[in-house]
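Below, each chain spelled out in residue letters.
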Amino acid sequence: MIPFVLRRMGTALVVAWLALTLAFVVLRWAPGDAVDATLARSGGSAEEIAARRAALGLDDPVGQQYLAYLAGLVRGDLGESLISGQPVSEMLADSFVPTATLSLLALVLAVALGVLLGVLAGAAPYAIVRAAADGTASLALSTPVYWTATLAIYLFTVVLGLLPGVGGTGPRYLILPAGVLGFHTAGSIARVTASSIRESAGQDFVRTAQAKGLPDAQVLDHILRVGLLPVVAVVALQLGFLLGGTVITEIIFVRRGLGRVLILAVNNRDYPVIQGLVVLAAVTYSLVNALADVVYSLVDPRVRSAD
Amino acid sequence: MIAAMILGGMALIALLAPLLATHDPRQAEPQMQLQAPSRAHLFGTDLLGRDVYSRVLYGGRRTLGLALLASSVTLLPGLAIGLVAGYFGRWIDSGLMMLVDAVLAFPSLLLALALVALFGGGLEQIALAVGIAGTPAYARVTRAAVLEARTRLYVEAAHAIGARPPGILARHIVPTIAPPLIAFAGVTLSWAILNGAALMFLGYGGDIAAPDWGVMLADGREAFRTAPWIAFAPGAALSLTVFAINLLAGSLDRRR
């Protein structure tokens, strides 16, 4: 067990380091550096530009810049915004909580709805229920947030007047965005859950259980115990979709958060902020997935031996 | 079957847009703004008085064209990396897969957004960004399929009689793994539609007057309280297309 955990965590760290390096390399390739993007564009003199470049360390050899970048990351220093001059880590910390709250609530809703739909689509006794669950899951997959959000605001705010629409803070303002984001994410969770349940329903132990005359409910219990295992891994994988989805959700519902920060940074070509955000997302994503694999191997020892 | 028909219909509509449209999709008529659906304007008009029906037809061309372009950017390198990694194994495989995992660690929409910041806005730039963001997933799926196909007896037999790797890949492995790869190409296409339209929705398409489903959804959001039809038509078209693709990919996947 322990070797497996160490190996999995080690791989996650290597992948995260590679991702950091990729982000560094790609942004070095970017047409024009940080100074071109700001000072030169606003018409600074040649000396000013040279001085700024030296101050930011952009004249140093690339290897040295890379080491400085890694050293900064270890200390939690992600550089400064080109626009506001604010430290990127501070900007991210300021917006982290609203985004984390939104994503976690959406994830909880997505898992609840996704697993329910998946179980219904995979193991419901009537074909029509299975088809309906399957259809709902496909519908969730094919309606992006930027479309359902508009529908949901129209329905719940304009027509029914039940929930507040855009802007504002507080728990009531969280319901619609989290619901919309969770609904879309539930689609893929339902897909995987359903196919995993179908697969486990075809296995020998299920036939044995049926052959020895167990009641249907107990057979279903057998199926679910095995069929629901992969859900752990899928939920972690959904985190990536969710992080992308929060960007759009925050824009539509005019919410504070990392997504807003990212969009502003993309519009201004504020590379340090973009880099900080994608690096944060990549590191979070690879560590959460490694953690999910470890949890998965705890509940299903077959994973360890197969590895 | 139904899915194939919906998809064919959508493709046909996109191709025949100039024949089916009743108005110029870019023509603004300020005195006609925010008209409800009527016989003259089947799906109503938008904030600038443009005909929503004609814009949805032309928008299909742009949105689906973008998605096809992005998918081709995804497929070729994705296939190549997956085939090489899966077939040759060992350090080539571990090296390539490490790299693929590193790219995969960036959530695809965030990666596409960061790339748009690098490349700048515009249709081709968005297609390139969305296409690159999809590549690692396709490489992984291809590799997994190759690994499974490589253990087949006829592949081992071809190897034993001294066939060269390119020949084995082309003659034995690619035909074996084609069905799951085609199914996943469908999934890739639906991601490309959704992510491409998302970037268009966020306003990175460059030409803001162009008819495009993502752009129309963004326009529709502005006036949704008074004119829900502006967003409804492109939204429904988008969902229907992605729905049909997913359905088709699902049935292809179950058939193998």
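What counts and how
Residues numbered from 1 in each chain as written. Chains lettered and ligands numbered in written order. Predicted model: local features only at pLDDT ≥ 70, side-chain atom pairs only at ≥ 80, totals over all residues. Heavy atoms only, no water. Helix = DSSP H or I, 4+ residues; strand = E, 2+ residues; numbered from the N terminus. Buried < 20%, exposed > 50% of the residue type's maximum accessible area, 1.4 Å probe, protein only. Areas by Shrake-Rupley, 256 points an atom, 1.4 Å probe, with all protein chains shown as cover. Lys, Arg positive; Asp, Glu negative; His and termini not counted. Charge placed at Lys NZ, Arg CZ, Asp CG, Glu CD. Expected span 1.5 Å × (residues − 1). Bend = angle between axes of the 7 residues up to and from the residue. Contact = heavy atoms within 4.5 Å. Core = buried A, V, L, I, M, F, W, Y, C linked by side-chain atoms within 4.5 Å. Domains from an automatic or database assignment. Buried area = accessible area lost by both parts, 1.4 Å probe. Salt bridge = Lys/Arg side-chain N within 4 Å of Asp/Glu carboxyl O. Polar contact = N/O pair within 3.5 Å; in protein donor to acceptor, adjacent residues only side chain to side chain. Nonpolar A, V, L, I, M, F, W, Y, C, P; charged D, E, K, R; others polar. Patch = residues over 30% accessible without salt bridge, like charges linked within 9 Å, V, L, I, M, F, W, Y side chains within 5 Å.

Chemist: Help me out: how do you make sense of the overall build of chain B in this one?
Modeler: In terms of regular secondary structure, chain B is built from 10 helices and zero strands. Scanning chain B from its N terminus toward the C terminus, one meets helices and strands in the order α-α-α-α-α-α-α-α-α-α. Overall, the C-alpha framework of chain B stretches about 75 × 40 × 25 Å when taken along its three principal axes. Classification of the 256 residues of chain B by burial places 51% in the buried group. Accessible area of chain B: about 11,400 Å², with a carbon and sulfur share of 68%. For chain B, the centre of its 18 positive side-chain charges and the centre of its 14 negative side-chain charges are spaced 9 Å apart.

Chemist: In this structure, what is going on with helix 3 (residues 52-88) of chain B? I would like to understand it.
Modeler: Each turn of an α-helix holds 3.6 residues, which means side chains three or four residues apart point in the same direction. Residues and elements named next belong to chain B. For helix 3, with 37 residues, the first-to-last C-alpha span of 53 Å sits near the 54 Å given by 1.5 Å per residue. The largest bend along helix 3 measures about 25° and falls at Gly 59. Gly 89 lies just past helix 3 and shows a positive phi near 60°.

Chemist: Explain the side chain of Thr148(A) to me, please; I cannot follow it from the model alone.
Modeler: Residue and element names in this part refer to chain A. Relative to the elements of secondary structure, Thr 148 occurs in helix 7 (residues 145-159). You can call Thr 148 buried: its relative accessible area is 12%. Among residues more than four places away in sequence, those in contact with Thr 148 are Thr 143, Val 180 and Phe 183.

Chemist: Which parts of the structure should I look at to understand helix 11 (residues 231-252) of chain A?
Modeler: Residues and elements named next belong to chain A. Compared with an ideal rise of 1.5 Å per residue, which puts 22 residues at 32 Å, helix 11 spans 29 Å between its outermost C-alpha atoms and is within 8% of the ideal. Along helix 11, the helix axis deviates most sharply at Gly 240, where the bend reaches about 30°. The buried count for helix 11 comes to 18 of 22 residues, which makes it a mostly enclosed element. Looking one or two residues past helix 11, Val 254 carries a phi angle of roughly 50°, positive in sign.

Chemist: What should I look at first to understand the environment of Ser190(B) in this one?
Modeler: Residues and elements named next belong to chain B. By the secondary structure assignment, Ser 190 is in helix 8 (residues 165-201). Of the residues examined, Ser 190 reaches a relative accessible area of 3% and is grouped as buried. Taking the C-alpha atoms as reference points, Ser 190 and Gly 131, separated by 59 residues in sequence, lie 12 Å from one another. In contact with Ser 190, not counting residues within four places along its chain, are Val 242, Ile 245 and Asn 246.

Chemist: I would appreciate a short explanation of the nonpolar core in the present structure.
Modeler: Among soluble globular proteins, nonpolar side chains are generally buried collectively. Counting residues in hydrophobic clusters, the biggest one holds 117 residues, and the most contacted among them are Tyr69(A), Tyr146(A), Ile248(A), Leu113(B) and Tyr204(B). When residues in this core are grouped by element, the largest group, 10 residues, is from helix 5 (residues 108-119) of chain B. Lining this core are residues from two domains, each supplying at least three of them: domain 1 (1-77 + 272-307) and domain 2 (90-190 + 230-267) of chain A.

Chemist: Which parts of the structure should I look at to understand the domain arrangement of chain A?
Modeler: It is common to give the size of an interface as the accessible area lost on bringing the parts into contact. Residue and element names in this part refer to chain A. Annotation of chain A at the domain level lists domain 1 (1-77 + 272-307) and domain 2 (90-190 + 230-267). Tallying the contact residues gives 13 residues for domain 1 and 15 residues for domain 2. In total, about 1,200 Å² of surface goes out of reach between domain 1 and domain 2, with carbon and sulfur atoms giving 86% of it. Applying the counting rule to domain 1 against domain 2 returns zero salt bridges. At the boundary of domain 1 with domain 2, the tally comes to zero residue pairs in polar contact (both at pLDDT 80 or more).

Chemist: Quick question: what am I supposed to make of the interface of chain B and chain A here?
Modeler: Between chain B and chain A, the residue contacts involve 41 residues of the former and 48 residues of the latter. Counting the surface lost from both chain B and chain A, the interface buries some 3,800 Å², and carbon and sulfur atoms represent 77% of this. When the buried area of chain B at its contact with chain A is split by residue, Phe106(B), Leu110(B) and Leu118(B) rank highest and sum to 16% of it. On the surface where chain B and chain A come into contact, there are zero salt bridges. Scanning the region where chain B abuts chain A turns up eight residue pairs in polar contact (both at pLDDT 80 or more). Of all the secondary structure elements, the ones that give two or more residues to the side of chain B that touches chain A are helix 4 (90-104), helix 5, helix 8, helix 9 (213-222) and helix 10 (229-255) of chain B. Each residue belonging to the side of chain B that touches chain A can be placed in one class, and the counts come to 33 nonpolar, four polar and four charged.

Chemist: Would you mind going over the pattern of salt bridges with me for this structure?
Modeler: Where charged atoms from two side chains of opposite charge approach closely, those side chains can pair. If you walk through the whole model with that rule in mind, you get eight salt bridges over all chains. Residue Arg8(A) is joined to Asp293(A) by a salt bridge in which the shortest nitrogen-to-oxygen separation is 2.6 Å. With a gap of 285 residues between them, Arg8(A) in helix 1 (residues 2-29) and Asp293(A) in helix 13 (residues 271-299) connect regions that are remote in the sequence. What makes Asp293(A) partly exposed here is its relative accessible area of 24%. Across the salt bridge formed by Asp101(B) and Arg140(B), the nearest N and O atoms sit 3.0 Å from each other.

Chemist: Got a minute to help me understand a nonpolar patch on the surface in this structure?
Modeler: Residue and element names in this part refer to chain B. Where nonpolar side chains cluster on the molecular surface, the patch consists of Leu 12, Ile 13, Leu 15, Leu 16, Leu 19 and Leu 20 and spans about 580 Å² of accessible area. For the nonpolar patch, the elements supplying multiple residues, two or more each, are helix 1 (2-15) and helix 2 (17-20). Counting residues per element, the nonpolar patch draws most heavily on helix 1, which supplies three residues. Along the chain, the position of Leu 15 falls in helix 1.

Chemist: What should I look at first to understand unusual backbone geometry in this one?
Modeler: The bulk of non-glycine residues show a negative phi, and the bulk of peptide bonds are trans. All names here are of chain A. Here the phi dihedral of Val 254 falls at roughly 50°; this positive angle occurs in a residue that is not glycine. Summarising the element assignment, Val 254 is placed in the loop between helix 11 and helix 12 (258-268). Positive phi, normally seen in glycine, also occurs at Arg 269, with a value near 50°. Among the secondary structure elements, Arg 269 is positioned in the loop between helix 12 and helix 13.

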